[in-house]
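Structural characterization, general
What follows is each chain in one-letter form.
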Amino acid sequence: MAGAGSGFNQIYRRFLRVLRPFDGLGMLALRLFLGPIFVLAGLNKLGGIGDVAAWFGNPDWGLGLPAPMLLAWLAALTEFLGGIALILGLGVRLAAIPLLVTMAVAAVSAHWQYGWHALPEQTLTMPWEWRRDLIGEGLERRDKAVEILKAHGDYRWLTEAGSFTVLKNGIEFAATYFAMLLALLFSGGGRYVSLDYWIARRRGFVPE
């Protein structure tokens, strides 16, 4: 048994050595997934900064946040510049911090009241879903909308680009992005695949 365990350990160490040169690919995948999302979100906000500020500040149909114009600019620039930083792998750990704050604020202020799931499609919800009532209500409204569209429209044509659903708008996406940014904060942009790595290597902060 001891010999078998020793043999497994050797095989596993070799496996880790094979993976070692590629250990930056996971962080690269996170960066290239998140970066364009944030760049586009920032550009959309910058293109309609007045509307964003109005939504941030209005207590009736918006979020009712203080200093809405300042927050709108901060959110837009954080997402746009932070997204570019993630794509380039430049200042990834620093860029992750304001992006984490942005995702936390978005989750609490804009999505928390709708629970966890972004869509009401799941029949088996996550155990931490605190708005299960909205799952049933969303599905009921979706089915009613489909019924109306089938009765009064060309439903086949309407669904050629995708089926209809109801946006539940929970924190799922914001929380997922938060978790991914947290990984980047603690692990950096990735070995060999980020400008941060090569700058740190040139300055002698990481081994050759």
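Every value quoted in this text rests on a predicted model; they were computed, and no experiment measured them. (Residues numbered from 1 in each chain as written. Predicted model: local features only at pLDDT ≥ 70, side-chain atom pairs only at ≥ 80, totals over all residues. Heavy atoms only, no water.)

Let's talk about a nonpolar patch on the surface
As a reminder, the rule being used: Within this analysis, patches are made of residues with over 30% relative accessible area and no salt bridge. Like charges are joined at 9 Å or less; nonpolar side chains (Val, Leu, Ile, Met, Phe, Trp, Tyr) at 5 Å or less. Reported accessibility uses the Shrake-Rupley method at a 1.4 Å probe radius. Residues are deemed covered only where the shown protein chains occlude them. Put simply, a salt bridge is a Lys or Arg side-chain nitrogen that is within 4 Å of an Asp or Glu carboxyl oxygen. Here a strand is any run of E in DSSP of at least two residues, a helix any run of H or I of at least four, and the numbering for each starts at the N terminus.
There is a patch of nonpolar side chains on the surface, built from Leu32, Met69, Trp73, Leu77, Leu81, Ile84, Ile87, Leu88, Leu90, Leu195 and Ile199 and spanning about 920 Å² of accessible area. Looking at the nonpolar patch, the elements that each hand over two or more residues are helix 4 (68-88) and helix 9 (195-202). Considering each element in turn, the nonpolar patch owes the most residues, 7 residues, to helix 4. Position of leucine 77 relative to the elements: it lies in helix 4.

Remarks on the side chain of lysine 168
Under the convention used in this document: Polar contacts here mean pairs of N or O atoms no more than 3.5 Å apart (in protein, one a potential hydrogen donor and the other a potential acceptor; neighbouring residues in sequence count only if both atoms are side-chain atoms). Residue contacts are defined here by distance: any two heavy atoms, one from each residue, within 4.5 Å place the two residues in contact.
Of note, lysine 168 is situated in the loop between helix 7 (155-158) and helix 8 (172-187). Here the side chain of lysine 168 touches histidine 117 through a polar contact of 3.4 Å, landing on its backbone oxygen. With near-sequence residues (within four places) excluded, lysine 168 lies in contact with Tyr114, Gly115, Trp116, His117, Ala118, Leu119, Pro120, Glu129, Arg131, Leu134 and Ile135.

Comments concerning the side chain of serine 109
Within the secondary structure, serine 109 sits in helix 5 (residues 92-111). Reaching out from serine 109, the side chain makes a polar contact with the backbone oxygen of valine 105 at a distance of 2.6 Å. With residues near it in sequence (within four places) discarded, serine 109 still touches Leu63 and Leu65.

Here we look at unusual backbone geometry
What you tend to see is this: most non-glycine residues have negative phi, and most peptide bonds are trans. Note the cut-off: Think of it in three bands: with a 1.4 Å probe and only protein chains considered, a residue is buried below 20% of the maximum accessible area for its type, exposed above 50%, and partly exposed in between.
Even without glycine at this site, alanine 67 takes up a positive phi of about 45 degrees. Structurally, the position occupied by alanine 67 is in the loop between helix 3 (49-57) and helix 4. A positive phi is found at tyrosine 192, a non-glycine position, where the angle reads about 75 degrees. Note that tyrosine 192 resides in the loop between helix 8 and helix 9. Tyrosine 192 sits in the partly exposed class, given a relative accessible area of 34%.

Remarks on the packing of helix 2 (residues 25-47) against helix 4
Formally: Fitted lines through C-alpha atoms give the axes, limited to the stretch in contact for helices. The angle between two N-to-C directions lies from 0 to 180 degrees. An angle below 35 degrees is read as roughly parallel, one above 145 as roughly antiparallel, one from 65 to 115 as roughly perpendicular, and any other as oblique. Left-handed describes a crossing in which the near helix is turned anticlockwise from the far one by less than a right angle; the clockwise case is right-handed. Gly is placed with the polar residues, together with every amino acid not listed as nonpolar (Ala, Val, Leu, Ile, Met, Phe, Trp, Tyr, Cys and Pro) or charged (Asp, Glu, Lys and Arg).
Packing of helix 2 against helix 4 brings their axes to within 7 Å, and their N-to-C directions diverge by 150 degrees. The orientation of helix 2 relative to helix 4 falls into the category roughly antiparallel. Crossing hand, helix 2 versus helix 4: left-handed. For the pair helix 2 and helix 4, the contacting residues are Arg31, Leu32, Leu34, Gly35, Pro36, Phe38, Val39, Ala41, Gly42, Leu43, Lys45 and Leu46 in the first and Trp73, Ala75, Ala76, Leu77, Glu79, Phe80, Gly83, Ile84, Leu86, Ile87 and Leu88 in the second. For the contact of helix 2 with helix 4, the class distribution of residues is 17 nonpolar, 3 polar and 3 charged.

Focus on helix 8
Operational definition: Expected helix span is taken as 1.5 Å per residue step, with the number of steps being one fewer than the number of residues. Directions are taken from the helix axis to each C-beta atom, and the arc is the one they span.
For helix 8, which comprises 16 residues, the first-to-last C-alpha distance of 23 Å matches the rise-based estimate of 22 Å (1.5 Å per residue) to within 8%. Listed in full, the buried residues belonging to helix 8 are Ala174, Tyr177, Met180, Leu181, Leu184 and Leu185. Projected down its long axis, helix 8 shows its buried positions confined to an angular sector of 150 degrees, all on one face. Along its buried surface, helix 8 packs onto helix 2, helix 4 and helix 5. Once helix 8 finishes, glycine 188 follows within two positions and takes phi at roughly 80 degrees, a positive value.

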